[in-house]
Amino acid sequence: MTRAPVSNLPNVDWSAERARITRALAGAGDLSVIARNDGNLQILIPGAEAFARDGIEPRSSLRATLDRISDVLNETPGTEILVIGHTDGVGSELHNMQLSIRRAEAVVEYMRVRGIALTRLQADGRGETEPFADNGTEAGRAKNRRVEIIVRPFAR
């Protein structure tokens with residue numbers, strides 16, 4: 001993926017922006033914002049209603065959450081956004097890895113349409129390798145069909 005030239009990036013007070021993003025997204029029952037040990041932000045979006053089993057199109061509840069996240073992140077152009085897709089454990093590992101990447105790409109495209117520059121967005125998939133819940137139950141599998149977003153300042 002092509003990155004924006006470093007010289008064209010606005011200076012970002014990452015500490016202040018991290019706090020602003022956290023405050024702006026706090027209190028939303030449908031997501032969690034976590035400050036990671038590496039200083040980046042991790043936005044966890046529960047998956048129970050995010051995607052249909054074996055589906056890649058974000059469901060309406062996920063779209064509403066992505067609208068809110070996109071609005072907040074549009075205010076900080078000096079950050080990059082990594083979208084990571086996850087799946088449940090049904091199906092082959094290869095299928096689930098491909099599905100998780102396609103889910104992340106669908107979210108990236110949704111955020112791009114919402115106004116976030118494609119040069120800020122990356123997609124990755126983890127397949128079934130990082131489950132949140134028990135894949136032995138439908139409720140657990142639904143929770144594992146999720147997306148997480150990592151927000152970090154562009155490297156200078």
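Cut-offs and rules
Residues numbered from 1 in each chain as written. Predicted model: local features only at pLDDT ≥ 70, side-chain atom pairs only at ≥ 80, totals over all residues. Heavy atoms only, no water. Helix = DSSP H or I, 4+ residues; strand = E, 2+ residues; numbered from the N terminus. Buried < 20%, exposed > 50% of the residue type's maximum accessible area, 1.4 Å probe, protein only. Contact = heavy atoms within 4.5 Å. Areas by Shrake-Rupley, 256 points an atom, 1.4 Å probe, with all protein chains shown as cover. Lys, Arg positive; Asp, Glu negative; His and termini not counted. Charge placed at Lys NZ, Arg CZ, Asp CG, Glu CD. Expected span 1.5 Å × (residues − 1). Arc of directions from axis to C-beta. Pairing = 2+ DSSP bridges. Axes fitted to C-alpha atoms, helices over the stretch in contact; angles between N-to-C directions.

Going by what an unreviewed UniProt entry lists, the protein is known as OmpA family protein and is assigned to Aromatoleum petrolei.

Overview of the overall build of the protein
Helix and strand counts for the protein stand at 4 helices and 5 strands. Order of helices (α) and strands (β) in the protein, N terminus to C terminus: α-β-β-α-β-α-β-α-β. Dimensions along the principal axes, computed over C-alpha positions, put the protein at roughly 45 × 35 × 30 Å. Split into buried and exposed, the 156 residues of the protein put 42% on the buried side. Long-range pairs, those at least 24 residues apart, make up 72% of the contacts in the protein between residues at least 6 apart in sequence. When the accessible area of the protein is evaluated, it comes to approximately 7,600 Å², of which 51% is carbon and sulfur surface. Between the mean site of the 21 positive side-chain charges and the mean site of the 21 negative ones, the protein shows a separation of 2 Å.

With respect to helix α3 (residues 93–113)
An α-helical segment advances 3.6 residues per turn. Residues three or four places apart therefore align on the same side. Over its 21 residues, α3 extends 30 Å from the first C-alpha to the last, a length consistent with the 30 Å expected when each residue adds 1.5 Å. Listing the buried residues of α3 in full gives Asn96, Leu99, Ser100, Arg103, Ala104, Ala106, Val107, Val108 and Met111. Contacts from the buried residues of α3 go to α2 (60–73), β3 (79–85), β4 (121–125) and β5 (147–153). Immediately beyond the C-terminal end of α3, within one or two residues, lies Gly115, with a positive phi of roughly 110°.

What to know about helix α1 (residues 14–25)
Relative to the 16 Å expected for 12 residues at 1.5 Å per residue, α1 spans 16 Å between its end C-alpha atoms, a close match to the ideal helical length. Looking only at α1, the buried set comprises Trp14, Glu17, Arg20, Ile21 and Leu25. One side of α1 carries all its buried residues, which in axial view fall inside an arc of 125°. Looking at the packing, one finds that the buried side of α1 touches β1 (32–35), β2 (41–45), α2, β3 and β5. Phi turns positive one or two residues past the end of α1, at Gly27, with a value near 85°.

Quick notes on the sheet that holds β5
In space, the 5 strands of this open sheet follow the order β1-β2-β5-β3-β4, with mixed pairing throughout. The open sheet has two edge strands with one neighbour each: β1 and β4. Strand after strand, the sheet turns through a mean of 20° between neighbouring axes, direction not considered. Here β2 pairs with β5 via 5 bridges, running antiparallel. Bridge pairing in β5 places Ile43 opposite Ile149. Where α2 meets the sheet, its contacts fall on β2, β3 and β5, and the angle it forms with β2 comes to roughly 160°. Helix-sheet contacts for α3 involve β3, β4 and β5, and the interaxial angle to β4 is about 160°.

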